[in-house]
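Spelled out from the first residue to the last, the chains are:
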Amino acid sequence: MRSIDIKASTKKYKVNFYDKINDLIKSFEDENLLYLIDENVYNINKTYFEDKLKYIVPVTEYSKTLDFASEVFDYLIDNNFKTDAHIVVVGGGILQDLGGFIASTFCRGIKYTLVPTTLLAQCDSCIGGKTSINHNSRKNILGTFYPPNEIKITTDFLFTLKKEDLLSGYGELIKFYLLNNEIEHFDSNFANIEKRIAYGLKYKSKIIQIDEFDLKERKLLNFGHTFGHALESTSNYKIPHGSAIIMGMLIANELSFKLGRLNEEKRDYIQNRLLIYIKHIKVEDSWFYFDTLLSLVKSDKKNTGDNINMILIDTDNEYNVVSIEDIDLLETCVKSIHEIIRLHN
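Visitor: Lay out a nonpolar patch on the surface in plain terms, naming residues and giving numbers.
Guide: On the surface, Phe 145, Phe 213 and Leu 215 cluster together into a nonpolar patch covering about 300 Å² of accessible area. Take Leu 215: it is sitting in the loop between α8 (193-210) and α9 (225-234).

Visitor: So what about empty space enclosed by the protein? Which residues, and what values?
Guide: Gaps between atoms show up when a probe of the same size as a water molecule is rolled over them. Enumeration over the complete set of coordinates arrives at one cavity of 30 Å³ or more. Counted as a void, the largest cavity has a volume near 70 Å³. As for the largest cavity, its lining consists of Gln 96, Asp 97, Gly 100, Tyr 112, Leu 114, Ser 125, Cys 126, Gly 129, Lys 130, Thr 131 and Pro 148. Tallied by class, residues from the lining of the largest cavity come to four nonpolar, five polar and two charged.

Visitor: Describe the side chain of Glu 150, and please don't skip the residues or the numbers.
Guide: By the element assignment, Glu 150 lies in strand β9 (residues 150-153). Overall, the relative accessible area of 18% leaves Glu 150 in the buried class. A polar contact is formed between the side chain of Glu 150 and the side chain of Lys 152, at a distance of 3.1 Å. Leave out the neighbours within four places in its chain, and Glu 150 touches Tyr 13, Lys 14, Asn 16, Tyr 18, Tyr 112, Thr 113 and Leu 114.

Visitor: Give me the packing of helix α10 (residues 241-258) against helix α13 (residues 327-344): which residues, what numbers.
Guide: Contact pair α10 / α13: the axes reach a minimum separation of 9 Å and the direction vectors enclose 125°. It follows from the interaxial angle that α10 and α13 lie oblique. Handedness of the crossing formed by α10 with α13: right-handed. Across the interface between the two elements, Met 247, Leu 250, Ile 251, Glu 254, Leu 255 and Lys 258 from α10 touch Leu 329, Leu 330, Cys 333, Val 334, Ser 336, Ile 337 and Ile 341 from α13. Residue composition of the contact of α10 with α13, by class: ten nonpolar, one polar and two charged.

Visitor: I'd like a rundown of the packing of aromatic side chains, residues and numbers included.
Guide: In this structure the tally under the stated criterion is 16 aromatic pairs. Ring plane angle 65° and centroid distance 5.2 Å describe the contact between Tyr 177 and Phe 186, whose orientation is recorded as edge-to-face. Residue classification places Phe 186 among the buried residues on the basis of a relative accessible area of 3%. Linked through ring pairs, Tyr 170, Tyr 177, Phe 186, Tyr 199 and Tyr 277 together constitute an aromatic cluster. Taking the ring centre of Phe 28 as reference, the NZ or CZ of Lys 152 above it sits at 4.9 Å.

Visitor: Tell me what's going on with unusual backbone geometry, and back it up with residues and numbers.
Guide: Despite not being glycine, Cys 107 has its phi angle at roughly 55°, a positive value. Mapped onto the fold, Cys 107 is located in the loop between α5 (93-105) and β6 (111-116). For Arg 108, which is not a glycine, the phi torsion comes out positive at approximately 60°. Mapped onto the fold, Arg 108 is located in the loop between α5 and β6. Judged by its relative accessible area of 83%, Arg 108 is exposed.

Visitor: Before we move on, can you summarise the pattern of salt bridges with the specific residues and values?
Guide: This structure, assessed with the given rule, holds 20 salt bridges. Residue Asp 51 pairs with Lys 52 through a salt bridge whose shortest N-O separation is 4.0 Å. By relative accessible area, Asp 51 is classed as exposed at 63%. On the basis of relative accessibility, which here comes to 26%, the residue Lys 52 falls in the partly exposed class.

Visitor: How would you explain the layout of surface pockets if you had to name every residue and give the values?
Guide: When its volume is computed, the second largest pocket comes out at roughly 450 Å³. Taken together, 22 residues form the lining of the second largest pocket, with Ser 137, Arg 138, Lys 139, Asn 140 and Ser 233 sitting closest to its centre. Going through the elements one at a time, α4 (66-78), β7 (130-135), β8 (138-145), α9 and α12 (290-299) are the ones with two or more residues in the lining of the second largest pocket. Class assignment of the residues belonging to the lining of the second largest pocket gives a composition of six nonpolar, ten polar and six charged.

Visitor: Any details on α10? Residues and values, ideally.
Guide: Between its first and last C-alpha, α10 extends 26 Å over 18 residues, near the 26 Å set by a 1.5 Å rise per residue. Counting buried residues along α10, 16 of its 18 residues qualify, which places the element largely inside the surrounding structure. Where α10 ends, the next residue or the one after it, Gly 260, has phi of about 80°, a positive value.

So, how was this worked out
- Residues numbered from 1 in each chain as written.
- Predicted model: local features only at pLDDT ≥ 70, side-chain atom pairs only at ≥ 80, totals over all residues.
- Heavy atoms only, no water.
- Patch = residues over 30% accessible without salt bridge, like charges linked within 9 Å, V, L, I, M, F, W, Y side chains within 5 Å.
- Areas by Shrake-Rupley, 256 points an atom, 1.4 Å probe, with all protein chains shown as cover.
- Salt bridge = Lys/Arg side-chain N within 4 Å of Asp/Glu carboxyl O.
- Helix = DSSP H or I, 4+ residues; strand = E, 2+ residues; numbered from the N terminus.
- 1 Å grid on protein atoms, 1.4 Å probe; cavity = no way out; pocket = protein on both sides within 12 Å on 5 of 7 lines; lining within 4 Å.
- Points joined across faces, edges and corners; volume = space filled by probe spheres on them.
- Nonpolar A, V, L, I, M, F, W, Y, C, P; charged D, E, K, R; others polar.
- Buried < 20%, exposed > 50% of the residue type's maximum accessible area, 1.4 Å probe, protein only.
- Polar contact = N/O pair within 3.5 Å; in protein donor to acceptor, adjacent residues only side chain to side chain.
- Contact = heavy atoms within 4.5 Å.
- Axes fitted to C-alpha atoms, helices over the stretch in contact; angles between N-to-C directions.
- Parallel < 35°, antiparallel > 145°, perpendicular 65-115°, else oblique.
- Left-handed = near helix turned anticlockwise from the far one by under 90°.
- Phe/Tyr/Trp six-rings, centres within 6.5 Å; stacked < 30°, edge-to-face > 60°.
- Lys NZ or Arg CZ within 6 Å of the ring centre and 35° of its normal.
- Expected span 1.5 Å × (residues − 1).

What follows is the structure in C-alpha cells.
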C-alpha cells in the first residue's frame, strides 16, 4: 500500500492510497461506524454505501454552522453513539471541517477518518488537523486542532468532478510548488495526479512537523489566502476556493513587485503560470470592489492589528509575513490584477 506518515505533535497518522473506491471501503473494520457523506458523492456512488449507516449531508455553507452541527450531534445521541464511535467523513473540504469539528467535540473527542473526494481536499485540507465551522458570517471562526486517525485516498473519486473543481484543486497544488521554488515542475496532466497529490501532502506535512499550530512557518501556507477568502465572499462563492487562492496569490505577487521585493522577470513568470488555471472564470466587477474586499480582509481572524498582514514573496524565493500600511498601493495592485484577469479571460 502506498502511504505517507504524518508526524504531528498531537497525533501520528497515515495517509493511505487505494486504487479503487471498493478497496478503500472494504478496508474499514470498526463496528461503530457512521459515514458522514456528501449528498452529491453519495448520489454518484450509492452502491458502495447502501448497506452502511450514514448521515447524508447536502453540502452548502449552512452545513458549516452550529445549527447544522447540532443536528448531527442529535443524530449521534439518538442512535446511541458513545466514546467508541468512529465517524468516516466522505466528501470535500466543507464536510471535513464539519466532521472534524463534530468528532473533536462529541464525547470530548472520538475517532474519525477522512475520505477526501475532491482534489482540493486530497492534496491539502485533509492533513493539518484544523477543524472549523462558520458563525455569524465569520468564516472558520469556531474550531479546533484535532487530526484524524487516518486518511484514505483514491483518485477514483476525481473522475466524476467537474472541470472547474479540478482546476480549483490545482490552485492549492501549484501553491506548494511555488512555495518550494519548484513551480517549473508542476503540470496538470491527470496521469500524474496521485504523484502531485503526494507532493502537496509531503510538503505540507513537513511544515506541520515544524509548526503545527500556526505560530510561524505554517502561516506561510496562507499565501494567497488574505484576498482569496475575501474574493470567495464577494463572489458569493461563485469563485471556487482554489481559484480564489490563485487570484489572491496574483495580488500578493503584484504587491511584492510594487514594494521592490520581487523583480519584474519573476513577477511575470509567476503571474503567467498562475493565470493558466483561472482562464475559465469570467469575473464580475463587483467581486473586486476594493472597499468591500478591504472590509472583509480586516475582519479576517489572521489580522489582529490595524494593518493588513500578507504573505509576500522575494526574488530569492523567501516568503515572509508582511504588515501592509500603504492601503492605496494595495488598492492599485487589486485593480491591476482585476484588469489582468479580465483581459486574460
